[in-house]
Amino acid sequence: QVQLVESGGGLVHVGGSLRLSCAASGTISGIRIMGWYRQAPGKQRELVATITSLGYTNYADSVKGRFTISRDNAKGTVYLQMNSLKSEDTAVYFCNFREIWGNYDYWGQGTQVTVSS
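A quick note: this is a predicted structure, and the numbers were derived from the prediction, not measured.

Colleague: So what's going on with the nonpolar core? Residues and values would help.
Modeller: In this structure, Trp36, Leu80, Met82 and Tyr93 are the most contacted members of the largest nonpolar core, which totals 31 residues. Contributing elements (two or more residues each) for this core: strand E3 (18–24), strand E4 (32–39), strand E5 (46–52), strand E7 (67–72), strand E8 (77–82), strand E9 (91–99) and strand E11 (111–116).

So, in structure tokens, the structure goes:
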């Protein structure tokens, strides 16, 4: 069973930066979509950004120009560089790896990001 382990969350002031990492514990193969989602208190989980194993990216409008998703296929790791953070970015951030044909769909345990004003 593959596990996803997130790191890099924490407390930062408005305008600051954080870099999240998500590493898979086992071998993952196939064409996959790797992404970051977030859930703020009292709100539904929402997409932040995704990247395919081929390098195609997609971003939520609210983070375009501020966040950058990247991946290292050899390491089975996906990253989220978050710049110009806003208080509304405060949430638990989850990473997700899913194979495009539905053969697997893995989630991390979540990492807290708190942006204080």
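Colleague: Explain unusual backbone geometry to me, and be specific about the residues and the numbers.
Modeller: With a phi close to 50°, Ser84 is a non-glycine residue in the positive phi region. Following the sequence through the fold, Ser84 ends up in the loop between E8 and E9.

Colleague: Mind laying out the state of the cysteines, listing which residues take part and the relevant values?
Modeller: One pass over the full model with this rule turns up 1 disulfide. Covalent S-S linkage joins Cys22 and Cys95, the inter-sulfur distance amounting to 1.9 Å. Here Cys22 and Cys95 share a disulfide; its torsion about the S-S bond, 45°, makes the bridge right-handed. Of the two residues, Cys22 sits in strand E3 while Cys95 sits in strand E9, which places them 73 residues apart along the sequence. In this structure Cys95 comes out as buried when scored by relative accessible area, which is 0%.

Colleague: Report on the sheet that holds E8, specifying residues and quantitative values.
Modeller: Strand order in this open sheet of 4 strands is E1-E3-E8-E7, and the pairing throughout is antiparallel. Since the sheet does not close on itself, it has two edges, and those belong to strand E1 (4–7) and E7, each with one partner. In this sheet, adjacent strand axes meet at a mean angle of 15° when their direction is disregarded. Pairing of E3 with E8, which is carried by 6 bridges, proceeds in the antiparallel orientation. Its bridge partner being in E8, Leu18 is matched across the sheet by Met82.

Colleague: A description of the pattern of salt bridges should follow, citing residues and the corresponding values.
Modeller: All chains considered together, the criterion is met by 4 salt bridges. Taken together, the shared-partner salt bridges in this structure form one network comprising Arg38, Glu46, Arg66 and Asp89.

Colleague: Describe the environment of Thr90, and please don't skip the residues or the numbers.
Modeller: Within the secondary structure, Thr90 sits in the loop between E8 and E9. Each C-alpha atom of the pair Thr90 and Ser116 lies 8.3 Å from the other, and the pair is 26 residues apart in sequence. When near neighbours in sequence (up to four residues on either side) are disregarded, Thr90 contacts Ala40, Gln112, Val113, Thr114 and Val115. A polar atom in the side chain of Thr90 sits 3.0 Å from the backbone oxygen of Ser87. One polar contact links the side chain of Thr90 to the main-chain amide nitrogen of Val115, over a distance of 2.9 Å.

Basis of the calculations
- Residues numbered from 1 in each chain as written.
- Predicted model: local features only at pLDDT ≥ 70, side-chain atom pairs only at ≥ 80, totals over all residues.
- Heavy atoms only, no water.
- Core = buried A, V, L, I, M, F, W, Y, C linked by side-chain atoms within 4.5 Å.
- Buried < 20%, exposed > 50% of the residue type's maximum accessible area, 1.4 Å probe, protein only.
- Helix = DSSP H or I, 4+ residues; strand = E, 2+ residues; numbered from the N terminus.
- Disulfide = S-S within 2.5 Å.
- Pairing = 2+ DSSP bridges.
- Axes fitted to C-alpha atoms, helices over the stretch in contact; angles between N-to-C directions.
- Salt bridge = Lys/Arg side-chain N within 4 Å of Asp/Glu carboxyl O.
- Contact = heavy atoms within 4.5 Å.
- Polar contact = N/O pair within 3.5 Å; in protein donor to acceptor, adjacent residues only side chain to side chain.

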